[in-house]
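Structural features, examined
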Amino acid sequence: MGTQESDEQAGGTGRRALLGAAVLGAGVLGLSGTARAAGTGHGGGVGGLPVPTVIGHRGASGYRPEHTFGSYELALDMGADIVEAGDLVPTRDGHLVCRHEPEIGGTTDVAGHPEFADRKRTKLLDGVSTTGWFTEDFTLAELKTLRATERIPANRPHNSLYDGRWEIPTFEEVLRWQNEQTRRRGRQVWIYPELKHPTYFRKLGLGTEERLARLLRKYGKDRGNSPVIVQSFEPTSIQRMNRLVGNPLAVLLSGANTRPWDFVETGDPRTTADLVTPKGLREIASYAQGIGPTLDLIIPRDSAGRLTEPTTLVRDAHRAGLVLHPYTMRNENPFLPAEFRKGTDPDAYGDAFGAFRTYFATGIDGIFTDNPDTGVLAREDFVNG
């Protein structure tokens, strides 16, 4: 799709311009990482989305079991600009389905199905010994007999009310749902699928990038202005997608001292800390249009869990022409910086609005949140305040 330099020489055309228009339209670039009034971006494609963009993390997973149509639709009802509809993992017969991880013991009722008791395995998943039931050991028809359950019931016991209500969606069903919701709501619905563990699955003969690209092409959603942003924690997976489709692309970034698993497999010694340097960001910008860093890369926490000073990542990424959509804001106490917690109840909400305001002030272009309604209200406060 061309390098960063060729995109710039072409006057900002192509996918980077479409994704970056959200930043340019909001007046964020050139402000030393400080956000100004956001409102609605200018132009079509991603540039027409509000900034900061509110992204429903696995739907509205603060209120419904994640990666279900109940969670996805609630996110839209709550005003999310984009729904992260799909952490994509394959079945044994090659279908892409939406689960947080290939191990589904924690997000479905599979343990209660005696017919699948012998499918329980211990596998090495990106170097970590993991025991449970894995999507690649099931056909799609078998997975469709399962029902979704709440992943973190200790923090969200209210979500357990909805255990067993929804089945596991395929990504093809998500694409059809996206079209249906767009027609019904009278506005373009955006989705933000993630390719999970692509190196792991490629070694099993279940390459996920090609499967995703075929589906996007089948539904005419493989272009630079298509309402689908593709993300992955593995840079080489995004490079592969860059060769397969025209969609906006984003590289997810974990803790500074971690290494993407594809780097581990290929012997690339770099860590995330290397990728968030100006040099590393310029390289990412040669094949992607955005990054999805953990919030701790935006503002680190000290040993007590309190926020410290912001890093230069927002400024450096914007200088490289990249949009930042960090993850993940949650309302519950255990997930918030220490200064925004209230009491000790793990199910209680802290000062989520204060935390949103602090992160928005760094100049980020959007944020993943389990609570889209809180994010939308926090953005309104920030823009109008």
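How each quantity is defined
- Residues numbered from 1 in each chain as written.
- Predicted model: local features only at pLDDT ≥ 70, side-chain atom pairs only at ≥ 80, totals over all residues.
- Heavy atoms only, no water.
- Core = buried A, V, L, I, M, F, W, Y, C linked by side-chain atoms within 4.5 Å.
- Buried < 20%, exposed > 50% of the residue type's maximum accessible area, 1.4 Å probe, protein only.
- Helix = DSSP H or I, 4+ residues; strand = E, 2+ residues; numbered from the N terminus.
- Contact = heavy atoms within 4.5 Å.
- Pairing = 2+ DSSP bridges.
- Lys, Arg positive; Asp, Glu negative; His and termini not counted.
- Salt bridge = Lys/Arg side-chain N within 4 Å of Asp/Glu carboxyl O.
- Phe/Tyr/Trp six-rings, centres within 6.5 Å; stacked < 30°, edge-to-face > 60°.
- Lys NZ or Arg CZ within 6 Å of the ring centre and 35° of its normal.
- 1 Å grid on protein atoms, 1.4 Å probe; cavity = no way out; pocket = protein on both sides within 12 Å on 5 of 7 lines; lining within 4 Å.
- Points joined across faces, edges and corners; volume = space filled by probe spheres on them.
- Nonpolar A, V, L, I, M, F, W, Y, C, P; charged D, E, K, R; others polar.
- pLDDT = per-residue confidence, 0-100.
- Axes fitted to C-alpha atoms, helices over the stretch in contact; angles between N-to-C directions.
- Parallel < 35°, antiparallel > 145°, perpendicular 65-115°, else oblique.
- Left-handed = near helix turned anticlockwise from the far one by under 90°.

Our next topic: the nonpolar core. One finds F171, L212, I291, M329 and Y359 to be the most contacted residues of the largest nonpolar core, which totals 64 residues. No other element matches helix α14 (residues 352-360), which puts 5 residues into this core. Filtering out sequence-adjacent residues up to four positions away, F171 remains in contact with A85, L88, L96, V97, C98, I191, P193, L212, L215 and L216. By size, the runner-up hydrophobic cluster in this structure holds 16 residues, among which are V97, V110, L143 and L146.

Once that is clear, we can look at the pairing of strand β6 (residues 128-132). By the bridge criterion, 5 bridges tie strand β5 (residues 121-125) to β6 in an arrangement that is antiparallel. Bridging across to β6, T122 finds its partner in T131. In sequence, β5 turns back onto β6 through a hairpin of 2 residues, with D126 there showing a positive phi of about 50 degrees.

Right, let's talk about the sheet that holds strand β3 (residues 87-90) for a bit. Taking strand neighbours across the sheet as the criterion, the 7 strands line up as β4-β3-β8-β9-β10-β11-β12 in an open arrangement whose pairing is mixed. At either margin of the open sheet sits one strand with a lone partner, and together these are β4 (96-98) and β12 (323-324). Note: β3 against β4, 3 bridges, orientation antiparallel. Along β4, the bridge assignment pairs P90 with L96.

Note that E210 resides in helix α7 (residues 208-218). When the C-alpha positions of E210 and L244 are compared, they lie 7.5 Å apart, and in sequence the two are 34 residues distant. For E210, the residues in contact, after removing those within four places along its chain, are R202, R240 and L244.

The next subject is the side chain of E103. Tracing the backbone shows E103 in the loop between β4 and β5. Despite being buried, E103 has no salt bridge partner; K120 is the closest side chain of opposite charge, sitting 7.9 Å away. Residues contacting E103, with those up to four places away along its chain left out, are T130, T131, G132, W133 and F134.

This next bit is on the packing of aromatic side chains. With the rule as written, the count across this model stands at 10 aromatic pairs. Arranged with centres 5.7 Å apart and planes meeting at 50 degrees, the rings of Y72 and W177 form a pair that is tilted. With Y72 in helix α3 (residues 69-77) and W177 in helix α5 (residues 171-185), this pair connects stretches of sequence that are 105 residues apart. With a centroid separation of 6.1 Å and an interplanar angle of 25 degrees, the aromatic rings of Y162 and W166 are classed as stacked. On the accessibility criterion, W166 (21% relative accessible area) is partly exposed. Its guanidinium or amino end placed over the ring of Y162, R64 lies 4.1 Å from that ring's centre, counting from NZ or CZ.

Before going further, it helps to spend a moment on the layout of surface pockets. Roughly 780 Å³ of volume is contained in the largest pocket. If you go around the largest pocket, you meet 39 residues; those closest to its centre are K196, F233, L253, S254 and Y327. Among the secondary structure elements, those contributing two or more residues to the lining of the largest pocket are β8 (194-195), β9 (230-232), β10 (249-253), α9 (261-266) and α12 (295-298). When its residues are assigned to classes, the lining of the largest pocket shows 16 nonpolar, 10 polar and 13 charged.

Here we come to the confidence of the model for the protein. Per-residue confidence for the protein gives a mean pLDDT of 91; residues scoring 70 or more make up 89%. Segment residues 21-43: pLDDT under 50, and 49 contacts once partners within four positions in sequence are set aside and those in other chains are kept.

Before going further, it helps to examine the sheet that holds strand β2 (residues 82-83). In space, the 4 strands of this open sheet follow the order β7-β2-β1-β13, with parallel pairing throughout. Pairing within the sheet leaves two strands with one partner each, and these edge strands are β7 (190-191) and β13 (366-369). One ladder, built from 2 bridges, connects strand β1 (residues 53-56) with β2; its direction is parallel. Bridge pairing links G56 to V83 in β2. Along the sheet face, helix α15 (residues 372-384) touches β1 and β13 and points at about 175 degrees away from the line of β1.

So, on to the packing of α3 against α5. Remark: α3 packs on α5, axes separated minimally by 12 Å, with the N-to-C direction vectors making an angle of 30 degrees. Considering the angle they form, α3 stands roughly parallel to α5. In this structure, α3 crosses over α5, and the sense of that crossing is right-handed. Residue-level inspection shows F69, Y72, E73, L76 and D77 of α3 in contact with α5, the latter providing E173, V174, W177, Q181, R184 and R185.

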